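The primary structure of each chain is shown beneath.
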Amino acid sequence: MSNFWDLMQLLLSAFFFVMYLLIMFQIIGDLFRDAELGGGSKALWIICLVILPFLTALVYIVTRGRGMAERQRASLARARSDTDAYIRQVAGKSPAEQIADAKALLDAGTINQQEYEQLKAKALN
């Protein structure tokens, strides 16, 4: 790098190369995410991406861009609902439910009053 402009050219070319890779990975990910598209069509798109990457990417984004956005939104919504379900599963019972369970144990004679108070204090903290 002999001067400032060589450095700027390197940074600019690196930026565009990274953007190119991000677009290609997004398109390939969308191809595999699309359940309606057949295997032959997916293979054809990937072959075209290898042979004429810029033109194929442009055509793909123009022709399938709206569906691409919808599939991305659906994937994010599915991931969010899966995460929420997992959190609800792991989080356990609410304090009121824990106290009610402890009261049922006290009424059944399984625990004594002191243990009930400890469970109640623990649920409220």
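Everything below is about the structure shown above.
A.B. asks: Would you mind showing me how to read the packing of aromatic side chains here?
C.D. replies: For any pair of aromatic rings, the description rests on two quantities: the centre-to-centre distance and the angle between the ring planes. Counted by the stated rule, this structure contains five aromatic pairs. Taken together, a centroid distance of 5.2 Å and an interplanar angle of 45° make the contact between Tyr20 and Phe54 tilted. Highlighted residues: Tyr20 in helix α1 (residues 4–33) and Phe54 in helix α3 (residues 53–91), separated in sequence by 34 residues. Given the relative accessible area of 22%, Tyr20 is considered partly exposed. Exposure remark for Phe54: the relative accessible area of 63% places this residue in the exposed category. Ring pairs connect the aromatic residues Phe17, Tyr20 and Phe54, which therefore count as one cluster. The lysine or arginine in question, Lys103, covers the ring of Tyr116, its NZ or CZ lying 5.9 Å from the ring centre.

A.B. asks: How do you make sense of a nonpolar patch on the surface when you look at a structure like this?
C.D. replies: There is a patch of nonpolar side chains on the surface, built from Leu12, Phe15, Phe16, Phe17, Val18, Met19, Leu21, Leu22 and Phe25 and spanning about 900 Å² of accessible area. Structurally, Leu22 can be placed in helix α1.

A.B. asks: Just to check I follow, could you spell out the environment of Ser94 for this structure?
C.D. replies: Assignment of secondary structure puts Ser94 in the loop between α3 and α4 (95–108). Ser94 sits in the partly exposed class, given a relative accessible area of 32%. Spatially, the C-alpha atoms of Ser94 and Leu124 are 9.5 Å apart, while their sequence positions differ by 30 residues.

A.B. asks: Mind showing me how you'd approach the pattern of salt bridges here?
C.D. replies: Pairing is possible between side chains of opposite charge, provided their charged atoms come close. In total, this model carries five salt bridges according to the counting rule given. Across the pair Asp34 and Arg64 runs a salt bridge whose closest N-O atoms are separated by 2.4 Å. Taken as a pair, Asp34 in the loop between α1 and α2 (39–51) and Arg64 in helix α3 lie far apart in primary sequence, 30 residues in all. Accessibility classification places Asp34 together with Arg64 in one group, the buried group. As a salt-bridge pair, Arg71 and Asp34 come within 3.7 Å of each other at their nearest N and O atoms. With Arg71 in helix α3 and Asp34 in the loop between α1 and α2, this residue pair connects regions lying 37 residues apart in the sequence. The burial state of Arg71 is the same as that of Asp34; both residues are buried. Put simply, Asp30, Arg33, Asp34, Arg64 and Arg71 are held in one network by salt bridges that share partners.

Conventions we followed
- Residues numbered from 1 in each chain as written.
- Predicted model: local features only at pLDDT ≥ 70, side-chain atom pairs only at ≥ 80, totals over all residues.
- Heavy atoms only, no water.
- Phe/Tyr/Trp six-rings, centres within 6.5 Å; stacked < 30°, edge-to-face > 60°.
- Helix = DSSP H or I, 4+ residues; strand = E, 2+ residues; numbered from the N terminus.
- Buried < 20%, exposed > 50% of the residue type's maximum accessible area, 1.4 Å probe, protein only.
- Lys NZ or Arg CZ within 6 Å of the ring centre and 35° of its normal.
- Patch = residues over 30% accessible without salt bridge, like charges linked within 9 Å, V, L, I, M, F, W, Y side chains within 5 Å.
- Areas by Shrake-Rupley, 256 points an atom, 1.4 Å probe, with all protein chains shown as cover.
- Salt bridge = Lys/Arg side-chain N within 4 Å of Asp/Glu carboxyl O.

The values reported here are purely geometric and, on their own, carry no functional implication.
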